[in-house]
Number of protein chains: 2
Amino acid sequence: MPHDCSFLDGLALEGDVSFNEGERENHAADWVAEEAGFGVTPDAVVWPASTADVSAVLAAANEHGVPVTPYAAGTSLEGNAVPLFRGISMDMTKLDSVLAVRPDDFQIDVEPGVMGSAVDAAAADHGLFFPPMPSSGNLSTIGGMIANDASGQKTVRYGEVADWILELEVVLADGTVIETGSKAVKTSSGYNLKDLIIGSEGTLGVVTRATLELEGRPEQIQGGRAVFASVDAAAEAVSDVVQSGVDVAKLELLDPLAAEMANEYFDTGLPEGAMIFFEFHANHGIDEEVAFFRTVLEAHDVTEFEIADEDRMDELWRARDELAFAIQQYDPELSPRHPGDVTVPLSDYPEMVRYIRDLGEEYDVLLPCFGHAGDGNIHYTVLVDQDDGAMVETAEEIYDAIVERALEHGGTATGEHGIGMGKRRFLEAEHGEGGVAAMRAVKAALDPTDILNPGKIFPETEPEGGRVNLPGR
Amino acid sequence: MPHDCSFLDGLALEGDVSFNEGERENHAADWVAEEAGFGVTPDAVVWPASTADVSAVLAAANEHGVPVTPYAAGTSLEGNAVPLFRGISMDMTKLDSVLAVRPDDFQIDVEPGVMGSAVDAAAADHGLFFPPMPSSGNLSTIGGMIANDASGQKTVRYGEVADWILELEVVLADGTVIETGSKAVKTSSGYNLKDLIIGSEGTLGVVTRATLELEGRPEQIQGGRAVFASVDAAAEAVSDVVQSGVDVAKLELLDPLAAEMANEYFDTGLPEGAMIFFEFHANHGIDEEVAFFRTVLEAHDVTEFEIADEDRMDELWRARDELAFAIQQYDPELSPRHPGDVTVPLSDYPEMVRYIRDLGEEYDVLLPCFGHAGDGNIHYTVLVDQDDGAMVETAEEIYDAIVERALEHGGTATGEHGIGMGKRRFLEAEHGEGGVAAMRAVKAALDPTDILNPGKIFPETEPEGGRVNLPGR
């Protein structure tokens, strides 16, 4: 049932409002929503142009009991930003300014709709960079990264997005504007609402400004790749590298299938085998560190080891960054079904990778697997004919089996993609009844009328599968 | 008004309960509570011996509406663990076991009452250490560090306590036991209750188990000290070092008065001047990094530069670690009044240090100043005759002036000591009315009967100063 959103016309916003069907349908889409059957079309789209706009829309929506789902670049993988109960899609992409760079404090103030690549460009002008940038940084916004607590290839050395957010301006469900965190790099003042908002997927508040911390570009950068006799050997090597205290800045795994897909798409000429891509950052002594790294690898059936020059490195990292597209294009008959992401403790990483490989063989499906190996993170997807019900069901079975195994071994249902709609059914298995009840209590405290991205994160009873078009409320 | 805590006798706890006056009075004390006039004596003390004990006590206290204030080593500086409304002091020091070390995952599971030094010892057996250990690590517990989100000398390189906590078992106000976080190093699953609990000073839940992340001991360690012509020059040097991207692991400032006090107490023979203590960690190339560091310092009126051998370094770091005692013993007629801690953005650090020095001269008091300079953190205290009302008032004026100036310049009221009782009056100035209201909503959601360390953190209207012995509720 649609919500009456005509009150938007009376708000005298600086930004724009649209009830156009095409615009509304665009905001029911993300990288997987259509195939995975996530979400519904909103009743209206708003593009706020200021914090005051966001506050006015939320205050009015709260009064009218109309759901508001924040939206930006639409790159999410679990339906996080697609409405589940119609209402308003709040598109943050017009709030896309870099407001200030303070190089002496390693800080940048940005609006949430700014693209990762724009942050990188502004930081680079001062010899700085944003270390936790996800692989999708050229295509996604800072606001989305904050909403999911994203992470990336350099997380193994530098940590996740949450570690690099100092301060947030947030509009709460009733329109109240708060600032949380501090421009000082360390604070113990009051409750840490900042890290509660980060990763809450737009269900607790809407971020309207963020102060990010930056890092100085290291004096020395060196990268390359190593090929292994098997994916087992590659995964064991990853585990050993981190356990040996090697100070690596990127440590990415590609299984042989993912490598083959990258070759087809990018013509990268990678050998057909399991491999890791790596990068080192240091001010001094990088050759010694890379040599030590190589020594560790050599205990693990490494068949090739290549230190790449800068051009070759750019090519390799592009292959890794855009692997999702390579997977999508690999077979015209098949497309990736609901790509997944789990993280496990490092000691379990080789076993987890073996488990996924065995699943692929057991079910006889294309199941490429890759990820931020140094963090124990694995991405995977099954390639299916989306019209073949049995194949889709198999893919969903595999998806579930991988998450369940990760949870059984002390891992998490999602390392960086968030819960969204796709992983709500695992929330209680991971956090227990008490943990979920505490999360619900926090949600009810900050959004008592449940207007902010309602239905997300928490396990619900609505029918799943198919475009869920539930009665309004 | 006392609370009837006789229900404790009926709980059949594994741990102990006492109504003894001496025990109760011990639990009204911390490093400053008596002098600063913080808090009241609890009606009973409980030493839980298991998570089940903690859960049983909280469930019963919640039912009876009796306040529970978690307590451990009593090292807090803002009255954080001293009751404000009598009730039960829950002493966590019997839960002091190291439960497991998993060196392959760089993880250690501990109970909250374990001392920092015991964690260090257990980690060292595997060539590991806990990087964010505060200077008081030999005297304080992990639970206390979590409650305040402590930080320490190595925070400049490695981050704060919150960055090194993977998972917590927490008992909520009604006795519900939850687990939050993950043993995987990266998660985006559900709300980040872990970082909400960290730093909440026992007002949202009681931590009963923590999984800490550890780090491998670097191959190379080098340390020393540098002396400057003035405290201004030292503070400018600190700022320049961090801005130049020097990869320093510890960077501590001592003003000339703090250095003099350390000399008197430890007989360290430090020159009488402003100085920084430093330490470097690396796997390779440490000499080059220290040489680069020295080059940066030389632009700032450095009068001495010493690289210390291991014994000498131990002596220097002991002088820094135990500076609080040196300050305490400096003058038999005077004692430190309510030591303070603020953090400012790095670019403001030299100005902040100058401001404190000028305050000391203006009021003609002994005002030693030191801190984790690389984080923009400053500790300070005024030495007063506690019986001299005018002198105490001056000290409190200085305390307030420093916090207010930090807030005006984008800093925080407390970098690592927490709000407790001592800084409640600054909470709204820092976080705004909306921010404090959101914190209150979270508190009410997780502790609806307000039994957990009631009255702390939030600005209240009770009289301050003098031992506040308010009517029970």
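These figures come from a predicted structure and were not determined experimentally. (Residues numbered from 1 in each chain as written. Chains lettered and ligands numbered in written order. Predicted model: local features only at pLDDT ≥ 70, side-chain atom pairs only at ≥ 80, totals over all residues. Heavy atoms only, no water.)

Interface size is often expressed as the accessible area that is lost when the parts come together. Residue and element names in this part refer to chain A. For chain A, the assigned domains are domain 1 (95-216) and domain 2 (220-408). Centre-to-centre, using C-alpha coordinates, domain 1 lies 27 Å away from domain 2. With 11 residues of domain 1 at the contact, the number on the domain 2 side is 14 residues. For the domain 1 and domain 2 pair, buried surface summed over both sides reaches about 1,100 Å², with 50% attributable to carbon and sulfur atoms. When the area that domain 1 buries against domain 2 is broken down by residue, the three leading residues are Gln 153, Val 156 and Arg 157, summing to 58%. Inspection of the region where domain 1 meets domain 2 yields 1 salt bridge. (Domains from an automatic or database assignment. Contact = heavy atoms within 4.5 Å. Buried area = accessible area lost by both parts, 1.4 Å probe. Salt bridge = Lys/Arg side-chain N within 4 Å of Asp/Glu carboxyl O.)

Residues and elements named next belong to chain A. Strand order in the open sheet formed by 7 strands is E15-E12-E14-E13-E17-E18-E16, and the pairing between neighbours is antiparallel. Edge positions in the sheet fall to strand E15 (302-308) and strand E16 (335-343), since each has one partner strand and no second. Taking each pair of neighbouring strands and ignoring which way they run, the sheet shows an average axis angle of 15 degrees. Relative to strand E18 (residues 377-384), E16 runs antiparallel, the two being bridged by 7 bridges. Each bridged residue has a counterpart across the sheet, and for Ser 335 the counterpart in E18 is Val 384. (Pairing = 2+ DSSP bridges. Helix = DSSP H or I, 4+ residues; strand = E, 2+ residues; numbered from the N terminus. Axes fitted to C-alpha atoms, helices over the stretch in contact; angles between N-to-C directions.)

The operation relating chain A to chain B is a screw motion whose rotation component is 180 degrees, with 0.0 Å of axial translation and a residual RMSD of 0.0 Å. The superposition operator between the copies reduces to a two-fold rotation axis. No C-alpha of chain A lies nearer the rotation axis than that of Gly 285 of chain A, which sits 2.4 Å from it. Taken together, the interface assignments show that 100% of the residues at the interface of chain A recur at the interface of chain B, consistent with an identical surface on both copies. (Least-squares fit on C-alpha atoms with pLDDT ≥ 70 in both.)

Residue and element names in this part refer to chain B. Taken across its 8 residues, strand E18 (residues 377-384) has 8 buried, putting it largely inside the fold. Burial along E18 is two-sided: the residues Asn 377, His 379, Thr 381 and Leu 383 and Ile 378, Tyr 380, Val 382 and Val 384 are all buried. Bridge analysis of strand E17 (residues 369-371) against E18 gives 2 bridges, and the strand direction is antiparallel. Looking at the pairing, Cys 369 lines up with Tyr 380 of E18. (Buried < 20%, exposed > 50% of the residue type's maximum accessible area, 1.4 Å probe, protein only.)

Here we come to the nonpolar core. If you look at the biggest cluster of nonpolar residues, it comprises 192 residues, and the most contacted ones within it are Leu 196 and Phe 293 of chain A together with Leu 196 and Phe 293 of chain B. Apart from residues lying up to four places away in sequence, Leu 196 of chain A is in contact with Leu 204, Val 442 and Leu 446 of chain A together with Tyr 191, Asn 192, Leu 193, Leu 196 and Val 442 of chain B. (Core = buried A, V, L, I, M, F, W, Y, C linked by side-chain atoms within 4.5 Å.)

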